[in-house]
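Topology and contacts: notes
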Amino acid sequence: MKKISILGSTGSIGLQALDVVRMHREKFKIAGLAALENINRLEEQIEEFNPEVVAVFKKEKAEVLAGRIGRKVKIVSGMEGLLEVATLTTADIIVVSVVGSIGLLPTLEAIRYKKTIALANKETLVVAGELIMGEAEKYGAEIIPIDSEHSAVFQCLQGQDVENISRIILTASGGPFKDWTRDKIEKAEARDALKHPTWDMGRKITIDSSTLMNKGLEVIEAKWLFNVGLGKIDVVVHPQSVVHSMVEYRDNSIISQMGIPDMRVPIQYALSYPKRIKSSVKKINFNELGQLTFTLPEAEKFPCLPLAYEALKTGRTMPCVLNGANEILVEYYLQDKIGFYDIPKFIEKAMIKHEPFIYKTVDEVLEVDKWVKNWVKNEIK
Ligand code: MG
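I will try to describe carefully the structure that is included in this document. (Residues numbered from 1 in each chain as written. Predicted model: local features only at pLDDT ≥ 70, side-chain atom pairs only at ≥ 80, totals over all residues. Heavy atoms only, no water.)

For the magnesium ion, the full set of protein donor atoms is Asp147 (OD), Glu149 (OE) and Glu218 (OE), at a range of 2.0 to 2.2 Å. Along the chain, the residues donating to the magnesium ion are arranged with the sequence spacing D-x1-E-x68-E. Separated by 71 residues along the polypeptide, aspartate 147 in the loop between strand 7 (143–145) and helix 7 (148–156) and glutamate 218 in helix 11 (residues 213–226) bring together distant segments of the chain. For aspartate 147, a relative accessible area of 8% translates into the label buried. (Donors = N, O, S within 2.8 Å, 3.2 Å for Na, K, Ca; no water. Helix = DSSP H or I, 4+ residues; strand = E, 2+ residues; numbered from the N terminus. Buried < 20%, exposed > 50% of the residue type's maximum accessible area, 1.4 Å probe, protein only.)

Rendered as structure tokens:
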């Protein structure tokens, strides 16, 4: 029986992780849950999964929840509470599915407690990949990706020698604006972007997917997870989202992982790894599948992707600036305060403004994150 804590249990990935636990009660048990503020949903989850500790990031909400459920479960709050759930002695696996750079500290703490990390929060590796991977190695903590592309690469790498990789090829759905002209995209509103064609995801990641920033962040994430050189990570647009990503080896053979797009597959693999267990997710039906297509991404329509490559190439604190600026800009775009191309425009401005440096601690990274978020807020005003 594996015991699991979920950071971000009321979000899209958290709910699907609980789905997997629900389907495999004999294999998995919930140790701890953490969420930002959705205490109604947390209350249902406590009822169903009976965790030991529950963290609610917003203190006022934690108090309301504690008042409702009494002493049945220990309720904690704030970053302290998040850290408590991340380091619970009884938990073997920590699912990190909170959104944004808030995932950084709890991931790091969980690593130091030698937990297995099932990582869905890509910002953690984007912002502080070098630090996180270094600590994971030092403490012998395993990091298993949940992001579908990285799970695919991780699966394609099983039994293979890393030295034999010639290229990692991440697939991108292309988002809802793939076939739109630049002029039309320029006027696109958040509600257009939220109609994602193939994946069911949270709001922030859906916008990131429409700008291709999601893929840019994934390129950076892949660099740290798989320790490959910058020139060895490519992106292809594959709108059907059936091939979840590929690895090309030195003999030019490509190994891919395929399946119906459903996040419960990579979540389940991260939880059951190294074993494979049964899934209720639909099988591929080759009769219905039709054509699978692959094209290269269009940089002039989606400038966020080249910006991400540039941030990775510059390295140091630059990916943190890219990510921090993007977080704020996506928020503004969701509130209809800025246009689609303001997102890359202000990210680029922030990158020009910032002088990247080599960081040694999480505090330094978080300081840069804070700086860039404030800087963007002031620029937009
Ligand atoms: Mg992905």
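Read on, since the account is not over.
Another point: the sheet that holds strand 11 (residues 254–258). What the four strands build is an open sheet, ordered 9-8-10-11; its pairing is mixed. Each edge of the sheet is formed by a strand with only one pairing partner; in this case those strands are strand 9 (233–237) and strand 11. Strand-to-strand twist in this sheet, taken as the mean axis angle between neighbours without regard to direction, amounts to 20 degrees. Across the sheet, helix 7 touches strand 8 (165–172), strand 10 (243–249) and strand 11, and the angle it forms with strand 10 is around 40 degrees. Sitting on the sheet, helix 11 is in contact with strand 8 and strand 9, with an inclination near 150 degrees to strand 8. (Pairing = 2+ DSSP bridges. Axes fitted to C-alpha atoms, helices over the stretch in contact; angles between N-to-C directions. Contact = heavy atoms within 4.5 Å.)

Looking now at helix 5 (residues 104–112). Buried within helix 5 are the following residues: Leu104, Pro106, Thr107, Leu108, Ala110 and Ile111. Remark: lysine 114 follows helix 5 within two positions and exhibits a positive phi of approximately 60 degrees.

Summarising the element assignment, glycine 103 is placed in the loop between strand 5 (93–96) and helix 5. According to the relative accessible area criterion, glycine 103 is buried, its value standing at 0%. With 14 residues separating them along the chain, glycine 103 and isoleucine 117 place their C-alpha atoms 12 Å apart. When near neighbours in sequence (up to four residues on either side) are disregarded, glycine 103 contacts Val96, Val98, Asn121 and Thr124.

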